[in-house]
Amino acid sequence: MTANPFARGGVWLWRDGAPGLVGPLSPDLLAGAHPLWAADAARLGPWREVRLGPEHGPAAGAWLAALAPAGQCADPVLLVGPCGSSLDVARALAEAGLLPPFASVLALSQTGGRGQMRRQWVSPPGNLYAALAWPVDAGDLGAAAPVVVGACLSDALHARGFDARVKWPNDLLVEGRKVGGILVEERGGAVFAGIGLNLASAPDPAALRRDRAAEAAHLGSFGKVPGAVTLWVDLVKSVQTCYRQCVAVSGSKALSRFLEGRLAWLGRDVRVSEGGSREFRARIVGLAEDGGLRLRRDEAGSGQVLTLHSGSISLL
């Protein structure tokens, strides 16, 4: 097996891309895409070119990459140009053996970004569109991966001054407004967490679904936001530490307390939709071990507690 050139970590830029997968990218294009990206391009430079052999890539042809100064990050972050989806790029890299756990792809923009139920994720330059390789040996945490990823990201953002919470199953809220989303996919024995964060802009309300559970917003509305690369490198470090702590307390009340502590609307009454026209009212009381949402449905005073594994919720 060919040695992974990205194994030493750092921030890499995939210059030439691959036809049909991802477009080309250069430090100049990075700097001109958006002011937040320009700040990152300047901070990470000077860039240097590293020529890699074709055996390192999922497609034929040479790879050209630039490695930021050593010590920027322990886990490799690969910056890519416009693509269909960072998740698709990550899957191709993983199939080539180039994406170990907690390595990630960070895209300048996406033309086919996707969210829950394959809904479109609007992806202009300036925001954060990442795909994080998630450990496949997560044990008991495997089934609850979306909630664990969300709680770790929420905790990391909270430490940076943003009152972030997880709206089950995979949205990130700040002060009740949606600033991000998470989509966990398993393909070919590999697990990826697709993560979108609105840093500088949010979708126009007119372009959103009428039945959306929360209004859209961007992090810049709530505080100072660094560039996508700077923030992402920082978040990956925190998420990796958080994941290890979750593994250490897996199956205990300590894990439940942590996950529920990052949960939005805990103790609040919500409208629950399980698809179609079936809706009912319930109160959020916690999380099940497998990541399901525990609800108390008070009908005729029964106080029935049930666990929701698929569906959507919104505040009454």
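Just so we're clear, the structure is a prediction, and the values are computed from it rather than from any experiment. (Residues numbered from 1 in each chain as written. Predicted model: local features only at pLDDT ≥ 70, side-chain atom pairs only at ≥ 80, totals over all residues. Heavy atoms only, no water.)

How would you summarise the packing of helix H4 (residues 145-159) against helix H5 (residues 228-248) if you had to cite specific residues and measurements?
Any two packed helices are characterised by how steeply their axes cross, that is the angle between the axes, and by the distance between the axes. Contact geometry of H4 with H5 gives a least axis separation of 9 Å together with a crossing angle of 125°. As judged from the angle between their axes, H4 and H5 are oblique. Two packed elements cross with a definite hand, and for H4 against H5 that hand is right-handed. On H5, the residues that touch Val 148, Cys 152, Leu 153, Ala 156 and Leu 157 of H4 are Leu 235, Ser 238, Val 239, Cys 242, Tyr 243 and Cys 246. (Axes fitted to C-alpha atoms, helices over the stretch in contact; angles between N-to-C directions. Helix = DSSP H or I, 4+ residues; strand = E, 2+ residues; numbered from the N terminus. Parallel < 35°, antiparallel > 145°, perpendicular 65-115°, else oblique. Left-handed = near helix turned anticlockwise from the far one by under 90°. Contact = heavy atoms within 4.5 Å.)

Residue-level account of the packing of aromatic side chains, with values.
For any pair of aromatic rings, the description consists of the separation of the ring centres together with the inter-plane angle of the planes. Going through the model one piece at a time under the given rule, you end up with three aromatic pairs. Look at Phe 102 and Trp 134: their rings are 5.6 Å apart centre to centre, the planes differ by 65°, and that puts the pair in the edge-to-face class. Note that Phe 102 is positioned in the loop between helix H3 (86-95) and strand S5 (104-107) and Trp 134 in strand S6 (residues 128-134), a separation of 32 residues in sequence. Both residues of the pair, Phe 102 and Trp 134, count as buried. Ring geometry for Trp 134 and Tyr 243: centres 5.1 Å apart, planes at 70°, overall edge-to-face. (Phe/Tyr/Trp six-rings, centres within 6.5 Å; stacked < 30°, edge-to-face > 60°. Buried < 20%, exposed > 50% of the residue type's maximum accessible area, 1.4 Å probe, protein only.)

How would you sum up the nonpolar core? Please name residues and give values.
Judged by nonpolar contacts, the single largest core of 74 residues is most densely connected at Leu 106, Trp 134 and Trp 232. A total of eleven residues in this core trace back to one element, the largest contributor, which is H5. Ignoring anything within four residues of it in the chain, the contact list for Trp 232 reads Val 77, Ser 104, Leu 106, Leu 128, Ala 130, Leu 132 and Ile 195. (Core = buried A, V, L, I, M, F, W, Y, C linked by side-chain atoms within 4.5 Å.)

Pulling in residues and values, what's your account of the state of the cysteines?
Throughout the structure, instances matching the rule amount to one disulfide. Bridging Cys 152 to Cys 242, the disulfide has an S-S length of 2.3 Å. Handedness of the Cys 152-Cys 242 disulfide follows from its S-S torsion of about -75°: it is left-handed. With Cys 152 in helix H4 and Cys 242 in helix H5, this pair connects stretches of sequence that are 90 residues apart. Pair check on accessibility: Cys 152 and Cys 242 agree, each one buried. (Disulfide = S-S within 2.5 Å.)

Describe H5, with residues and values.
In this model, H5 (21 residues) spans 30 Å end to end at C-alpha, consistent with the 30 Å of a helix rising 1.5 Å per residue. Taken together, the buried positions of H5 are occupied by Ala 228, Val 229, Leu 231, Trp 232, Val 233, Leu 235, Val 236, Val 239, Gln 240, Cys 242, Tyr 243 and Cys 246. (Expected span 1.5 Å × (residues − 1).)

Break down the side chain of Asn 198 for me, with residues and values.
Along the chain, Asn 198 falls in the loop between strand S10 (190-197) and H5. One polar contact links the side chain of Asn 198 to the main-chain carbonyl oxygen of Ala 217, over a distance of 3.1 Å. (Polar contact = N/O pair within 3.5 Å; in protein donor to acceptor, adjacent residues only side chain to side chain.)

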